[in-house]
Each structure stands twice: as C-alpha cells, then as structure tokens.
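A structural walkthrough
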2 protein chains.
Amino acid sequence: MAFLTACKLQDPVTIADKLFLDLRRAILVGEIPAGKKISEPELAAAYGVSRGSLREAIGKLENCNLVTRKPNIGARIIDFSTEQLLEIYQIREATEGMAARLAAEHMTAEELVHLRKILERHHAEIAQHQSYSQHDVDLDFHFSIIQGSKNKRLIRMLCQDLYDLVRFYRFRLKSGFSRSEQAFQEHNLIVSAIERRDGEMAETLMRHHIRASRDYACKLLEQMPTSDT
Amino acid sequence: MAFLTACKLQDPVTIADKLFLDLRRAILVGEIPAGKKISEPELAAAYGVSRGSLREAIGKLENCNLVTRKPNIGARIIDFSTEQLLEIYQIREATEGMAARLAAEHMTAEELVHLRKILERHHAEIAQHQSYSQHDVDLDFHFSIIQGSKNKRLIRMLCQDLYDLVRFYRFRLKSGFSRSEQAFQEHNLIVSAIERRDGEMAETLMRHHIRASRDYACKLLEQMPTSDT
DNA sequence: CTTGGTTATAGTGTCGACATTATAACTTCA
DNA sequence: TGAAGTTATAATGTCGACACTATAACCAAG
C-alpha cells in the first residue's frame, strides 16, 4: 500500500493524530462519502474518543482541504466538482512545473536512479495491464520529482495539502484510466530532461504532461453521468 | 489599514476565530517575536480565554504557516530564514505567474479599472516618496491579479496561506525598499499584457517581476547583519 | 567539580459537562 | 390546508479539571 505515504505523521503519538490519519484514509478511500455532514458526537462515539480530540483531528483535515467547516453549523466532507478538479490541475501545472525545473537543478544521482526505477516499474505494469497499480506508480513519480526540488515549502504544499485532493479525485475517476502508455512516454521525456539538467525543458514538459492529464480527465468527465448523493 | 484584508473571516463570530485574528496580527506585526515558544496557559490567561479555544486558534495559525507544533512539546512562532524566503519566492513565481495568465483570460472590465487605479495610487505615492505605504499598494496589486484568476483554490492557497508568510517577511525587511520605481514599471507592463488578454506574456512578465523582487531581497539580506534572538 | 540518576514542576493531551446556537417538530391562526 | 410563530431537540462552542509527558532542578556518587 503506497497509498498514504509521504505524510508528516510517520508515527502518530497523539490520539488526535491517529484519528486524523484514520479519518483521512476513510475519506480518501470513500468509506465516508463525499459531501457528508460530520456529526461530532456520532463520530466521537464511533471511534471511542472524546469530542475534543475529534475536533482537533477535524481541524487538521480542514488544513488538508478534505473537510470544510462553518461556525455554529459544523463540518462536512468536501464535495467533488468538475470545476474544482480543473482548478487543481491548473495549480499543479504551475507548481509541479516549477518543481521539475528545480529537480533538474538539485536532484542527486541516487534520486535519479530511483526515478528511473519508478519508470521501469511503470513500464512493467503497463505490459501486464495492471491498471490498478498504475495510479500508485504515477503518484510515486510525481512525488519523487517534487521531493527532488528540495524546496521544503513547495514539498509540503504539494505533498501534504494538494495531493490529498488529488487522491480524493483519483479514487473517484479510476474507471478506465488507460492513458498509462501516453503518460509513460511523457514521464520518460521529463526524466531525460532532468538527467540532462535542463530545467527549462523539464518545466515545459511537466506542464505539458499535466495539461494532457487534465484534458483526458475532462473527456472522462464529459461522458460520465452526473453522480448525485 | 489595508493590512489584513483578504481574509476568510470578515466577521469572526466565535472566540477562537477572534483570537486567531488577534494572534495573527500580533505575529505579522512583530508584537510576538519570531521563534518564540507559545505557553498555552500564559497566552490563554493574557487573552482571558480558555485553553481549548486557544488551542483551536493555534491550530488555525498552524495552517497559515505562522506557527509550528510538535506533539507533547508545544507550539512556537515560525522563525525566518533566508532559505525559506527564497523558497517562498520560487513558489510565488510559479503560482502568481499562473495567476497572471488566468487573470488575462478571466478578469472583468471593472476589475481591470480597479487594477489601473492601484497603479495610479502606486505612481502617486512614488512621487511623494511615501515608501511606507508602497508595501500595501504592492500587496493590493498582487492580490487583485490573484483574485482575477478566478481560480478559487489558487486564491485561497495564495491569499490565505502563502501571503501571511509574505507579510511576515515584509515586516522584517521593510528597511530601504526603494525598488518601487522599478516595480511600478514592471507592474505596468503586466497590466498592459492582461488588458491585451495576452496570458502567455502576462505570465512571463509576472515571473520576471517576482524573480527581480527575489534578487533584490537577496541583495538586501546579504548586506544585513545576522539578527539573533 | 563533573556526571548520572531522581524528583519536582510546568506544560501539553484528553476528557466530560455546561452554555449557546441552529434545526426540527409542533402548534396555532388565517 | 398552508404559513408563521413557538417550543423542543440536537449539535456546536466553550470551559475547567485530570492524566500524562517533557523539562528543570536537585541530589548523590565518582
């Protein structure tokens, strides 16, 4: 399960943190349906914790953009919309483009080897048509490059905040995600540019790659029935 | 005081929210020194509120990146470093570049008029050498363009999260910020590009502008004594 | 005098209870 | 019957107290 790696809390010590991770997973996987209102007493009882700890956990979920709160009304799981998905893609295009540029400047030799390994895994899984694990590979690829930027705040911004949203949407669009071959080619070009230390080109290619992903997601969404709760 | 505009909480109803705004302002202005450890009992007593409310406020401050928390140890105000400042500039270059591109596509005529007015204000204040209020004008300019992108998540990401950090640093570098004339020229070019609906050019110019700001800030930092606590 | 361990203290994490607000159900009147 | 007002209920906001952890002070042995 390379699901929920790259999280600030490797070993949650406090109850609120454990709860946060539990709820986060439940939301991302869809155990808790999107748009659902959170009842604090109910959830607290279900997990056997106090309302105080739960509220703290909800606060952290709010940071991750997975729930929204209104004063005196309560918290609810975020709802997904085509509009928001496109917004996220625009942000990813800008930020991950920059990450790729910086990665070309700062990535170490070992990190590049690791990146190549991810590509090989991707290639192997395409050959076996294991489309279900290609999402993880794709995430790993993007994570590695973001990590390679060495910009701590950018890493935090993307890995901790934005990518929870990305996972949230992935889990709801993973129907026929057969853009893997194309994506693999694009990944390949990006890695090559990084290996050449060509930051400008790495950024351009990454932006192109994410724009292509966005266009593909749009096409998928158009031919989908509007799913209501 | 155009200080703390553009915040999600126009009218804070809950105690924790009021406290959050109070503390946020105190941190940005420097009333609470950078790097200072927060004592929950002490602060709670000082503001006459319960520790629970305070903890909630601290949680929100953590989202704004103004404090960091470690479990069982406590929270402390962030410390500023040259490294972090550069990281922020890199992120701004990418995200605000994208914002400018989107603004060129989506800004309304009225918003463009407003933008021009900001430029005029900037121009007037340069003539009068009111360098103290030029920071506000500069912030207003960038805020307007971000707002014009119409990307709600991008707006939130920048205006709510990143720009608190920008203000945090501004307040500590506002010594001789005499790049105003240069900045004004660059702002002018950006607005022109947006008016022409030339998103590509707007992005390029915005990135150039922010990179120039970064270089200038770097120069300032180099000829500054390392300030210890 | 220094170092290791022990105790004391302050601080954070957690909880249950009360106050206040929003929502649902109900009653009453047109 | 429908709509407005009122009451009742449930949920959120707030608080003070207890439990546990980390740090500081202290003491003892080398």
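Criteria and thresholds
- Residues numbered from 1 in each chain as written.
- Chains lettered and ligands numbered in written order.
- Predicted model: local features only at pLDDT ≥ 70, side-chain atom pairs only at ≥ 80, totals over all residues.
- Heavy atoms only, no water.
- Salt bridge = Lys/Arg side-chain N within 4 Å of Asp/Glu carboxyl O.
- Helix = DSSP H or I, 4+ residues; strand = E, 2+ residues; numbered from the N terminus.
- Buried < 20%, exposed > 50% of the residue type's maximum accessible area, 1.4 Å probe, protein only.
- Near = heavy atom within 4 Å.
- Polar contact = N/O pair within 3.5 Å; in protein donor to acceptor, adjacent residues only side chain to side chain.
- Pairing = 2+ DSSP bridges.
- Contact = heavy atoms within 4.5 Å.
- Buried area = accessible area lost by both parts, 1.4 Å probe.
- Nonpolar A, V, L, I, M, F, W, Y, C, P; charged D, E, K, R; others polar.
- Axes fitted to C-alpha atoms, helices over the stretch in contact; angles between N-to-C directions.
- Parallel < 35°, antiparallel > 145°, perpendicular 65-115°, else oblique.
- pLDDT = per-residue confidence, 0-100.
- UniProt positions renumbered as here; feature names shortened; annotations may be inferred.
- 1 Å grid on protein atoms, 1.4 Å probe; cavity = no way out; pocket = protein on both sides within 12 Å on 5 of 7 lines; lining within 4 Å.
- Points joined across faces, edges and corners; volume = space filled by probe spheres on them.
- Least-squares fit on C-alpha atoms with pLDDT ≥ 70 in both.
- Phe/Tyr/Trp six-rings, centres within 6.5 Å; stacked < 30°, edge-to-face > 60°.
- Lys NZ or Arg CZ within 6 Å of the ring centre and 35° of its normal.

In the annotation of an unreviewed UniProt entry, chain A is listed under the name DNA-binding transcriptional regulator, GntR family and assigned to Thiothrix caldifontis.

**What about the pattern of salt bridges?**
Summed over the entire model, instances satisfying the criterion amount to 45 salt bridges over all chains. Put simply, Arg69 of chain A and Glu56 of chain B hold a salt bridge, and the shortest N to O gap is 4.0 Å. With Arg69 of chain A in strand E2 (residues 67-70) and Glu56 of chain B in helix H3 (residues 51-63), the pair connects residues from two separate chains. Under the relative-accessibility criterion, Glu56 of chain B is labelled partly exposed at 26%. For Glu31 of chain B, the salt bridge is made with Arg25 of chain B, and the minimal N-O distance between the two is 3.0 Å. In the salt-bridge network here, residues are joined through shared partners; they are Glu93, Arg207 and Arg211 of chain A together with Arg101, Glu200 and Glu203 of chain B.

**Looking at the protein's contact with DNA strand C**
Close to DNA strand C lie 19 residues, the nearest being Thr14, Ile15 and Ser53 of chain A together with Arg51 and Arg55 of chain B. A share of 70% of the atoms of DNA strand C within 4 Å of the protein falls on sugar and phosphate groups. Between Ser50 of chain A and DNA strand C, the recorded distance is 3.1 Å, taken from a backbone N or O atom to a phosphate oxygen. For DNA strand C, a phosphate oxygen lies 2.5 Å from a polar atom in the side chain of Arg55 of chain B.

**Focus: the pairing of E2 of chain A**
For a regular strand, side-chain orientation follows a simple rule: the groups alternate between the two sheet faces. Residue and element names in this part refer to chain A. Where E2 meets strand E3 (residues 74-77), four bridges bridge the pair, whose relative direction is antiparallel. Residue pairing across strands places Val67 opposite Ile77, the latter belonging to E3. A loop of three residues connects E2 with E3, the two strands running antiparallel in sequence, and Asn72 in this loop sits at a positive phi of about 65 degrees.

**As for the protein's contact with DNA strand D**
Looking at DNA strand D, there are 19 residues lining it, with Arg51 and Arg55 of chain A together with Thr14, Ile15 and Ser53 of chain B nearest. What you see for DNA strand D is that sugar and phosphate hold 71% of its atoms within 4 Å of the protein. In the environment of DNA strand D, a phosphate oxygen lies 2.5 Å from a nitrogen or oxygen atom belonging to the side chain of Thr14 of chain B. Here Ser53 of chain B contributes a side-chain N or O atom positioned 2.9 Å from a phosphate oxygen of DNA strand D.

**A closer look at the interface of chain B and chain A**
Counting from both sides, the interface comprises 32 residues of chain B and, opposite them, 32 residues of chain A. A buried area of about 2,800 Å², summed over both sides, lies between chain B and chain A, and 47% of it is on carbon and sulfur atoms. When the buried area of chain B at its contact with chain A is split by residue, Ile91, Arg153 and Met157 of chain B rank highest and sum to 22% of it. Note that Arg55 of chain A is salt-bridged to Glu56 of chain B, the shortest N-O span being 3.0 Å. Here chain B is connected to chain A by 21 residue pairs in polar contact (both at pLDDT 80 or more). Elements supplying a minimum of two residues to the side of chain B that touches chain A: H3, helix H4 (82-106), helix H7 (152-173) and helix H9 (199-222) of chain B. Looking at the side of chain B that touches chain A, the element that brings in the most residues is H4 of chain B, giving 12 residues. Tallied by class, the residues present in the side of chain B that touches chain A amount to 11 nonpolar, seven polar and 14 charged.

**Some thoughts on the packing of helix H1 (residues 15-29) of chain A against helix H7 (residues 152-173) of chain A**
Residues and elements named next belong to chain A. Interhelical geometry of H1 versus H7 gives an angle of 40 degrees and a closest axis separation of 8 Å. Taken together, the axes of H1 and H7 are oblique relative to one another. Together, Arg24, Ile27, Leu28 and Val29 of H1 and Asp164, Arg167, Phe168, Phe171 and Arg172 of H7 make up the contact between the two elements. Here the residues of the contact of H1 with H7 sort into five nonpolar, no polar and four charged.

**Some points on the confidence of the model for chain A**
When pLDDT is averaged along chain A, the result is 90; 89% of the residues meet or exceed 70. For chain A, per-element mean pLDDT is lowest for helix H6 (residues 131-148) of chain A, which scores 87, and highest for helix H4 (residues 82-106) of chain A, which scores 97.

**A short note on the UniProt feature "domain: HTH gntR-type" (unreviewed entry) in chain A**
UniProt annotation of "domain: HTH gntR-type" (unreviewed entry) refers to residues 13-80 of chain A when read in the numbering used here. Helix makes up 53% of residues 13-80 of chain A and strand 15%, and the two end C-alpha atoms of the span are 31 Å apart.

**Section: unusual backbone geometry**
Residue and element names in this part refer to chain B. With a phi angle near 65 degrees, Asn72 is a residue other than glycine that sits in the positive phi range. Structurally, Asn72 is set in the loop between strand E2 (67-70) and strand E3 (74-77). Asn72 gets classed as exposed once you look at its relative accessible area, which sits at 80%. Within the chain, Lys150 stands out as a residue other than glycine whose phi angle is a positive 65 degrees. Here Lys150 is to be found in the loop between helix H6 (131-148) and H7.

**Focus: the layout of surface pockets**
The computed volume of the second largest pocket comes to approximately 450 Å³. Arg101, Glu200, Glu203 and Arg207 of chain A together with Arg207 of chain B are, among the 18 residues lining the second largest pocket, the residues nearest its centre. The set of elements that each furnish at least two residues to the lining of the second largest pocket consists of H4 and helix H9 (199-222) of chain A together with H4 and H9 of chain B. The element contributing the most residues to the lining of the second largest pocket is H9 of chain B, with six residues. Among the residues making up the lining of the second largest pocket, the classes are represented as two nonpolar, three polar and 13 charged.

**Topic: the relation of the copies chain B and chain A**
Least-squares fitting of chain B to chain A yields an RMSD of 0.0 Å, with the superposition described by an axial translation of 0.0 Å and a rotation of 180 degrees. Such values leave the two copies arranged in the relation of a two-fold axis. Of every C-alpha in chain B, the one belonging to Ala94 of chain B sits nearest the axis of rotation, 2.6 Å from it.

**Comments concerning the packing of aromatic side chains**
Residue and element names in this part refer to chain A. Overall, the coordinates contain eight aromatic pairs over all chains when judged by the stated rule. When the ring of Phe168 is compared with that of Tyr169, the centres are 5.6 Å apart and the planes differ by 85 degrees; the resulting orientation is edge-to-face. Under the relative-accessibility criterion, Phe168 is labelled buried at 0%. On the basis of relative accessibility, which here comes to 4%, the residue Tyr169 falls in the buried class. Members of the aromatic cluster, connected to one another through ring pairs, are Phe80, Phe168 and Tyr169. The lysine or arginine in question, Arg172, covers the ring of Phe168, its NZ or CZ lying 4.0 Å from the ring centre.

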